[in-house]
Amino acid sequence: MLQVAFIRENKEDVIQRLAKRNIDASAMINEAITLDEERRALQAKLDNTKAESNSISKEIGILFKNGQAQEANELKTKTTQLKEEAKILEQDLNTKVETLNELLYKIPNVPNTIVPSGNTDEDNEEVFREGEVPSLSESALPHWELAKKYDIIDFELGTKITGAGFPVYKGKGAKLQRALITYFLDKNTEAGYTEYQVPHLVNEASGFGTGQLPDKEGQMYHVTADNLYLIPTAEVPATNIFRDTILNENDLPISVTGYTPCFRREAGSYGAHVRGLNRLHQFDKVEILRVEHPNKSYEALDSMVEHVKGILKELKLPYRILRLCGGDLGFTSALTYDFEVFSTAQDRWLEISSVSNFETFQANRLKLRFKNSDGKNELCHTLNGSSLALPRVLAGILENYQTENGIKIPDVLVPYTGFDLIS
RNA sequence: GGAGAAAUGGCAGAGUGGUCGAAUGCACCGGUCUUGAAAACCGGCGAGGGUCACACCUCCGGGGGUUCGAAUCCCUCUUUCUCCGCCA
């Protein structure tokens, strides 16, 4: 969530930049500022009432000590009255704070100035493209056909065990997926990211910290008996490592990577674009995450983008990078780059990574701060990205590396798989 | 799952109804001393709100209650530890 002080001090700029998301935020922003003013006025009133009551209570204490019980008892009526006043003020204040917060939860992050305006993914700006699209024969198959042909992924079996969107990987398919996970983690740790294994279920506070709650609980599987949520991404547990934390300035930057399965309810559509591995309820992902000094976060974003590029280059997959437009930008993000791999057999781009700078938007909720050189506590910037989402990378490999003899394994993966062909 | 104990500042650890946001030690930061370092000594050192800055308010695991007044008493929840049971 945005900080009220920031909204107050940058009102026009905030409205202008939120307009990139195709929303007119002026009403919300004005209301937030008004609510905040009212909140502060109530707070001051309440504080004064309490201050008076406190000082009388101290007097009473002294009077009792001196044996002046009668005078003390007289003062008691005064504090009783003040207490009632305070109670009412406190209730007003609480509802005011609640109203303000509910409003603030609804305001998305302020897009960076370089975010292109636009409504849909059509308006995303392609900023980079690399890799050759292989020329495949007429008989080239989409990955779900290949999965069947080589018996490496069984979608029907997953449906039997659980339901649609829970595939079963098998034999060399399972091994290839495990190889990818290990390869990604190795690349990330080599680049200085510390590997974490985090819980796959999180509590409400964590869901709130990263912004899934209160509004987007529909996207997560909810274990009601224990009030826990299955993680939709490692971002949730990994970012919450740092909830309620005050770091030293020289602790920054912090770089974390982790592999987790991800669970998404995705009340989604049906058809070709969700077939096979394209969209699942359960999938694997390796995530990278950074906690940065505000002055360094965009530098960090660039370095994360470069890092992901390096991996795709090694895998020799054709990909492009998009700078998301305001309309496509996630609620919590200030700037996002999406990576898409070209799926030759499907003739379409598949999103395999999304790298974002959240600036202080998450840190504000998380209360993730560092002590700056003035000794003041300041919000950190958080960033994260996938490196990478497994199913679509797998789809890309299967489709782009298919030959008449079978599916070749990218050279960098062979040491991890132990085989160089799926046939 | 059953029985008991506990939860206080970065850590350790006092405080059991009044001037306690909280002793003390360690850690940390600044200074003196030193060729330099260590030691010693001096000073500083939790968070949030509020203010131009003060004042002031709130916070001793969370929530509620008793009282003029709660870290301290009561209720409740959570977590941790010990013992027993079960178990990958």
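Residues numbered from 1 in each chain as written. Chains lettered and ligands numbered in written order. Predicted model: local features only at pLDDT ≥ 70, side-chain atom pairs only at ≥ 80, totals over all residues. Heavy atoms only, no water.

J.: Is there a simple way to think about the packing of aromatic side chains in this case?
T.: To describe a pair of aromatic rings, you give the distance between the ring centres and the angle between the ring planes. All chains considered together, the criterion is met by seven aromatic pairs. An angle of 20° between the planes, with centres 6.0 Å apart, marks the rings of Tyr-319 and Phe-339 as stacked. Of this pair, Tyr-319 sits in strand S11 (residues 319-323) while Phe-339 sits in strand S12 (residues 335-343), placing them 20 residues apart in sequence. No difference in accessibility class separates Tyr-319 from Phe-339, as the two residues are buried. Look at Phe-342 and Trp-349: their rings are 5.0 Å apart centre to centre, the planes differ by 65°, and that puts the pair in the edge-to-face class. Summarising the burial analysis for this pair, Phe-342 and Trp-349 share the class buried. Linked through ring pairs, Phe-128, Tyr-319 and Phe-339 together constitute an aromatic cluster. The ring of Phe-419 has Lys-172 sitting right over it, with the charged end atom 4.7 Å from the ring centre. (Phe/Tyr/Trp six-rings, centres within 6.5 Å; stacked < 30°, edge-to-face > 60°. Helix = DSSP H or I, 4+ residues; strand = E, 2+ residues; numbered from the N terminus. Buried < 20%, exposed > 50% of the residue type's maximum accessible area, 1.4 Å probe, protein only. Lys NZ or Arg CZ within 6 Å of the ring centre and 35° of its normal.)

J.: Please explain the side chain of Thr-336 as it appears in this structure.
T.: Its location among the elements puts Thr-336 in strand S12. A polar atom in the side chain of Thr-336 sits 2.8 Å from the side chain of Ser-356. (Polar contact = N/O pair within 3.5 Å; in protein donor to acceptor, adjacent residues only side chain to side chain.)

J.: Could you clarify how one ought to interpret the UniProt feature "coiled-coil region" (unreviewed entry) in chain A in this entry?
T.: Feature annotation in UniProt assigns "coiled-coil region" (unreviewed entry) to the following positions: residues 32-103. In the segment residues 32-103, helix accounts for 96% and strand for 0%; the C-alpha atoms at its two ends are 7 Å apart. (UniProt positions renumbered as here; feature names shortened; annotations may be inferred.)

J.: What's the story with the confidence of the model for chain A in this structure? I'm lost.
T.: Interpretation of this model should avoid reading the predicted coordinates in detail wherever pLDDT is low. Taken as a whole, chain A shows an average pLDDT of 90; of its residues, 98% reach a score of 70 or greater. In the model output, the complex is listed with pTM 0.90 alongside ipTM 0.83. (pLDDT = per-residue confidence, 0-100.)

J.: What is the right way to look at the sheet that holds strand S15 (residues 377-379) in this model?
T.: Across a sheet, strands are paired by hydrogen bonds formed along the backbone, either parallel or antiparallel in direction. The mixed open sheet is built from three strands, whose spatial order is S8-S14-S15. On the outer flanks of this sheet lie strand S8 (245-248) and S15, each paired with one strand and no other. The average undirected angle you get between the axes of adjacent strands in this sheet is 40°. For strand S14 (residues 368-371) and S15, the ladder comprises three bridges, and the chain directions are antiparallel. What sits directly across from Phe-370, in S15, is Glu-378. (Pairing = 2+ DSSP bridges. Axes fitted to C-alpha atoms, helices over the stretch in contact; angles between N-to-C directions.)

J.: Help me understand the domain arrangement of chain A, please; the structure alone is not making it clear to me.
T.: Taken domain by domain, chain A holds domain 1 (4-104) and domain 2 (121-422). Distance between the C-alpha centres of domain 1 and domain 2: 43 Å. (Domains from an automatic or database assignment.)

J.: When you look at unusual backbone geometry in this model, what are you seeing that I'm missing?
T.: Comment: phi is negative for the bulk of residues other than glycine, and the bulk of peptide bonds are trans. Following Leu-252, the chain continues into Pro-253 via a peptide bond in cis, with omega recorded as -5°. Along the chain, Pro-253 falls in the loop between S8 and strand S9 (254-263). Look at the link from Ser-387 to Leu-388: it is a cis peptide, with omega at 5°. As for its position among the elements, Leu-388 is in strand S16 (residues 381-389). The residue Asn-22 is not glycine, and still its phi comes out positive at about 65°.

J.: Quick question: what am I supposed to make of helix H12 (residues 390-400) here?
T.: An α-helical turn contains 3.6 residues, so any two residues separated by three or four positions project in the same direction. When you tally the buried positions in H12, you get ten out of eleven residues, the bulk of the element. Taken as a whole, H12 has its buried residues at Leu-390, Pro-391, Val-393, Leu-394, Ala-395, Gly-396, Ile-397, Leu-398, Glu-399 and Asn-400.

J.: Help me understand the protein's contact with RNA strand B in this model?
T.: Taken together, 19 residues sit near RNA strand B, with Arg-39, Asp-47, Ser-57, Arg-369 and Lys-371 positioned nearest. Close to the protein, within 4 Å, the atoms of RNA strand B belong to sugar or phosphate groups at a rate of 67%. With respect to RNA strand B, the side chain of Arg-39 contributes an N or O atom lying 2.7 Å from a sugar or linking oxygen. Here a phosphate oxygen of RNA strand B sits 3.0 Å away from a polar atom, N or O, in the side chain of Arg-369. (Near = heavy atom within 4 Å.)

J.: Looking at this structure, how should I read the side chain of Asp-36?
T.: Its location among the elements puts Asp-36 in helix H3 (residues 26-65). Side-chain polar atoms of Asp-36 contact the side chain of Arg-8, separated by 3.1 Å. Once residues within four sequence positions are removed from consideration, Asp-36 is found in contact with Val-4, Arg-8 and Leu-100. (Contact = heavy atoms within 4.5 Å.)

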